Amino acid sequence: MAGHSKFKNIMHRKGAQDKKRSASFSKMSREITVAAKMGLPDPDMNPRLRAAVNAAKAASVPKDNIQRSIDKASRGDAENYEEVRYEGFGPGGVSLIIEALTDNRNRTATNVRTAVAKNGGNLGASGSVSHGFDRVGLINYPASAGDAEKVFEAALEAGAEDVTSSDEGHEIWTAQGDLHEVARALEPVLGQAEGAKLAWRPQVSVAVGEDDAATLFKLIDTLDDDDDVQTVWGNYEVSDEVMERLG
């Protein structure tokens, strides 16, 4: 198990939280609905639903919203969403994996392709970039969960494979099949996680300069604004100096 690397968060950067709040709630509700439809509507009996509910609670989604999403799935009157993945390249040769939940595949494909093309990138065929990523589990905890040593020891005991700690929080990495088991084992020690999901972790990171970084972040923000897009993963790494210049 590796130590405390300086591996940067590969999920899309966090934008202005207030502006994104409503869209974020909608995306979380959609994930809850899909998870509830795919398994039992009881979070204790459905690991994916449990992770979705915990993430929603951590983001302060109202309990009524969470229960409404579960109830819609239980009654069978929720929209039928399918999981879709797009792969391609962004500015500076960055590899991107875009995950979506959609009830209209054509609409989503058009929106994603347009956003990528207008911001210095292009979509590729399925598998064009995913071979450069590992499919793993990712559990997120806030910095307040404990210091790096406490979180590392807890993760090691729970069966995780790697931990990345920074001032922003802790990322606990697991084998793909161990995600929910490790997440459950961590709760008594670290409390409720901010999120637990399957992730795409790049095998090699690409350093991105200031101009490409500005365009890349614009692309990611555009994708993030799309209701169908759930998560954007990439193999980019932007230095602190570049981030400061970008403001």
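Here the structure is a predicted model, which is why all the values come from computation and not from measurement.

Draft legend 1. Focus on the overall build of the protein chain. Along its length, the protein chain carries 8 helices and 10 strands. If you line up the protein chain on its principal axes, its C-alpha atoms span 45 × 45 × 35 Å. Among the 247 residues that make up the protein chain, the fraction classed as buried is 45%. Restricting to contacts in the protein chain with at least 6 residues of sequence separation, those with at least 24 account for 75%. Measuring between centres, the 29 positive side-chain charges of the protein chain sit 6 Å from its 40 negative side-chain charges.

Draft legend 2. Here's a closer look at helix H3 (residues 63–75). End to end, H3 covers 18 Å across 13 residues, agreeing with the expected 18 Å (1.5 Å per residue, within 8%). Positive phi appears at Gly76, one or two residues downstream of H3, with a value of about 80°.

Draft legend 3. Molecular detail of the packing of helix H5 (residues 148–158) against helix H6 (residues 179–190). Relative orientation of the contacting elements H5 and H6 amounts to 140°, with a least axis distance of 9 Å. Between H5 and H6, the interaxial angle falls into the category oblique. Here H5 and H6 pass one another in a crossing that is right-handed. Within the contact between the two elements, H5 uses Lys150, Val151, Ala154, Ala155 and Ala158 and H6 uses Val182, Ala185, Leu186, Val189 and Leu190. Class assignment of the residues belonging to the contact of H5 with H6 gives a composition of 9 nonpolar, no polar and 1 charged.

Draft legend 4. The arrangement of the environment of Ile220 in detail. Residue placement: Ile220 occurs in helix H7 (residues 210–224). A C-alpha to C-alpha distance of 9.4 Å links Ile220 and Gly90, two positions 130 residues apart in sequence.

Draft legend 5. Structural view of the pairing of strand S7 (residues 195–202). Extensive coverage of S7 is indicated by the burial of 6 of its 8 residues. Judged from the 8 bridges that link them, strand S4 (residues 133–142) and S7 form a sheet pairing that is antiparallel. Looking at S7, one finds that Ile139 is bridged to Ala196.

Draft legend 6. Quick peek at the packing of aromatic side chains. Evaluated as defined, the whole model comprises 1 aromatic pair. Geometrically, the ring pair formed by Phe217 and Tyr236 is edge-to-face, given 6.4 Å between the ring centres and 80° between the ring planes. You can see Phe217 sitting in helix H7 and its partner Tyr236 sitting in strand S10 (residues 236–237), a full 19 residues away along the chain. Directly above the ring of Trp173 sits Arg201, whose terminal nitrogen or CZ lies 4.2 Å from the centroid.

Draft legend 7. Broad picture of the sheet that holds S4. With respect to topology, 4 strands assemble into an open sheet ordered S5-S6-S4-S7, the strand pairing being antiparallel. Sheet topology places strand S5 (162–166) and S7 at the edges, where each strand pairs with a single neighbour. On average, each strand axis in the sheet is tilted by 30° relative to the strand beside it, whichever way the strands run. In this structure, S4 lies alongside strand S6 (residues 169–175), joined through 7 bridges in antiparallel fashion. Its bridge partner being in S6, Tyr141 is matched across the sheet by His170. Sitting on the sheet, H6 is in contact with S4, S6 and S7, with an inclination near 15° to S4.

Draft legend 8. Representation of the nonpolar core. If you look at the biggest cluster of nonpolar residues, it comprises 22 residues, and the most contacted ones within it are Tyr86, Ile98, Val112, Leu223, Val232, Tyr236 and Val238. Among the secondary structure elements, those contributing two or more residues to this core are strand S1 (82–89), strand S2 (95–102), helix H4 (105–118), H7 and strand S9 (229–234). When residues of this core are assigned to their parent elements, the largest contribution, 6 residues, is made by H7. Of all hydrophobic cores here, the second largest spans 19 residues; its members include Ala51, Phe152, Leu186 and Ala196.

Draft legend 9. Summary view of the environment of Pro62. Here Pro62 shows up in the loop between helix H2 (47–58) and H3. As a C-alpha pair, Pro62 and Ala143 span 81 residues in sequence and 23 Å in three-dimensional space.

Draft legend 10. Examining H7 more closely. End to end, H7 covers 21 Å across 15 residues, agreeing with the expected 21 Å (1.5 Å per residue, within 8%). When H7 is considered as a whole, its buried residues turn out to be Ala213, Leu216, Phe217, Leu219, Ile220, Asp221, Leu223 and Asp224.

Draft legend 11. Layout of the sheet that holds strand S3 (residues 122–124). The antiparallel open sheet is built from 4 strands, whose spatial order is S3-S1-S2-S9. If you trace the sheet from one side to the other, it starts and ends with S3 and S9, each paired once. This sheet shows a mean twist of 30° between the axes of neighbouring strands, independent of strand direction. Relative to S9, S2 is paired through 5 bridges, and the arrangement is antiparallel. Its bridge partner being in S9, Ala100 is matched across the sheet by Val229. Lying over the sheet, H4 contacts S1, S2, S3 and S9, oriented at roughly 20° with respect to S1.

Definitions and limits used
- Residues numbered from 1 in each chain as written.
- Predicted model: local features only at pLDDT ≥ 70, side-chain atom pairs only at ≥ 80, totals over all residues.
- Heavy atoms only, no water.
- Helix = DSSP H or I, 4+ residues; strand = E, 2+ residues; numbered from the N terminus.
- Buried < 20%, exposed > 50% of the residue type's maximum accessible area, 1.4 Å probe, protein only.
- Contact = heavy atoms within 4.5 Å.
- Lys, Arg positive; Asp, Glu negative; His and termini not counted.
- Charge placed at Lys NZ, Arg CZ, Asp CG, Glu CD.
- Expected span 1.5 Å × (residues − 1).
- Axes fitted to C-alpha atoms, helices over the stretch in contact; angles between N-to-C directions.
- Parallel < 35°, antiparallel > 145°, perpendicular 65-115°, else oblique.
- Left-handed = near helix turned anticlockwise from the far one by under 90°.
- Nonpolar A, V, L, I, M, F, W, Y, C, P; charged D, E, K, R; others polar.
- Pairing = 2+ DSSP bridges.
- Phe/Tyr/Trp six-rings, centres within 6.5 Å; stacked < 30°, edge-to-face > 60°.
- Lys NZ or Arg CZ within 6 Å of the ring centre and 35° of its normal.
- Core = buried A, V, L, I, M, F, W, Y, C linked by side-chain atoms within 4.5 Å.

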